Amino acid sequence: MSTAPDSGQLMGMLLKLINAKKTIEIGVYTGYSLLLTALSIPHDAMQKDNERSFDFAFVDADKENYLNYHERLLKLVKVGGLIVFDNTLWGGTVAQPEEAVSEDRKESRRSIIEFNNSVSIDQRIEIVLTPLGDGLTICRRIR
Ligand SMILES: C[S@@+](CC[C@H](N)C(=O)[O-])C[C@H]1O[C@@H](n2cnc3c(N)ncnc32)[C@H](O)[C@@H]1O
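Note that the structure is a prediction, hence the values are computed from the model and not measured.

K.L.:
What should I look at first to understand the overall build of the protein chain in this one?
P.N.:
Helix and strand counts for the protein chain stand at four helices and five strands. Counted from the first residue to the last, the protein chain has its helices and strands arranged as α-β-α-β-α-β-α-β-β. Counting only C-alpha atoms, the protein chain reaches 50 × 30 × 20 Å along its principal axes. Counting over 143 residues, the protein chain shows a buried share of 27%. Counted over contacts in the protein chain with a minimum sequence separation of 6, partners at least 24 positions apart contribute 68%.

K.L.:
Honestly, the environment of Ala-4 in this entry has me stumped. Any pointers?
P.N.:
Inspection of the secondary structure puts Ala-4 in the segment before α1 (5–17). Expressed as a C-alpha distance, the spacing of Ala-4 and Glu-98, which sit 94 residues apart in the sequence, is 25 Å.

K.L.:
Hey, could you run me through the packing of helix α3 (residues 66–76) against helix α4 (residues 103–120) in this one?
P.N.:
Helix-helix packing is characterised by the crossing angle of the two axes and by the distance between the axes. Two numbers describe how α3 lies on α4: the axes approach to 9 Å, and their chain directions differ by 35°. Within the contact between the two elements, α3 uses Tyr-66, Leu-67 and His-70 and α4 uses Ser-111, Ile-112, Glu-114, Phe-115, Ser-118 and Val-119. Its residues assigned to classes, the contact of α3 with α4 comprises five nonpolar, three polar and one charged.

K.L.:
What am I meant to see in the sheet that holds strand β1 (residues 23–26) here?
P.N.:
Through backbone hydrogen bonds, the strands of a sheet pair up, either in parallel or in antiparallel fashion. Spatial ordering of the open sheet is given by β1-β2-β3-β5-β4, a layout of five strands whose pairing is mixed. With one partner strand each, in any of the chains shown, β1 and β4 (125–130) form the two edges of the open sheet. Between one strand axis and the next, the sheet turns by 15° as a mean value, whatever way the strands run.

K.L.:
Would you take a moment to explain the nonpolar core for this structure?
P.N.:
Generally speaking, soluble globular proteins have nonpolar side chains that are buried together. Among the nonpolar cores identified, the biggest contains 22 residues, and Phe-56, Ala-57, Phe-58, Val-59, Ile-83 and Val-84 are the most heavily contacted of them. Discounting chain neighbours no more than four positions away, the residues touching Ala-57 are Thr-23, Ile-24, Leu-73, Leu-76, Val-77, Ile-83 and Val-84.

K.L.:
Just checking my understanding: could you explain the site of the ligand for this structure?
P.N.:
Near the ligand, the surroundings consist of 15 residues, among which Ser-2, Gly-27, Tyr-29, Thr-30 and Tyr-32 are the closest. Its residues assigned to classes, the shell around the ligand shows six nonpolar, seven polar and two charged.

K.L.:
How do you make sense of the packing of α1 against helix α2 (residues 32–40) when you look at a structure like this?
P.N.:
In the contact formed by α1 and α2, the axes pass within 9 Å of each other and the chain directions differ by 30°. The angle between the axes of α1 and α2 places the two elements in the roughly parallel class. When the axes of α1 and α2 are compared, the crossing they make is right-handed. Mapping the contact onto sequence places Gly-8, Met-11, Gly-12, Leu-15 and Lys-16 in α1 and Tyr-32, Ser-33, Leu-36, Thr-37 and Ser-40 in α2. Residues that form the contact of α1 with α2 fall into these classes: four nonpolar, five polar and one charged.

The rules we used
Residues numbered from 1 in each chain as written. Predicted model: local features only at pLDDT ≥ 70, side-chain atom pairs only at ≥ 80, totals over all residues. Helix = DSSP H or I, 4+ residues; strand = E, 2+ residues; numbered from the N terminus. Buried ≥ 20, exposed ≤ 12 C-beta atoms within 10 Å, placed from the backbone. Contact = placed C-beta atoms within 7 Å. Axes fitted to C-alpha atoms, helices over the stretch in contact; angles between N-to-C directions. Nonpolar A, V, L, I, M, F, W, Y, C, P; charged D, E, K, R; others polar. Pairing = 2+ DSSP bridges. Core = buried A, V, L, I, M, F, W, Y, C linked by C-beta atoms within 7 Å. Near = placed C-beta within 6 Å. Parallel < 35°, antiparallel > 145°, perpendicular 65-115°, else oblique. Left-handed = near helix turned anticlockwise from the far one by under 90°.

Structure follows, in structure tokens:
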């Protein structure tokens, strides 16, 4: 499923606010979030691959790897840059008891809860979990 339109609007605004030029996305699918990113950054944005050079990263892939993506992206995104994760409310199931959740959602729900707990105490970032779409967590790298 593609990223929700309200989440996309916020992403576009964030990209413009931080004047993002170099971005990376994990989990492309329909290309909706990738296209809105491309339309929100300058046309002459430079592509140069080195560590700590990205302004913005967006993650919307396998939930079981969110913490792995977080660690990898902290090496790629510069201080002051943003790492944004989609689906961090996982259909609201993160706030429900496990027995109330359908079997097919349980594994990802556990991963998202572990991710949410981990980033909430991560001293390298500041975060906000916005209840837009399916939950959008914005992490700002501070060290
Ligand atoms: C929910 S969709 C992304 C939707 C996208 N944000 C959009 O707006 O259309 C998830 C995507 O993550 C990809 N994906 C899943 N596991 C992945 C992995 N290990 N590495 C890279 N991409 C992965 C899937 O193939 C799929 O394209």
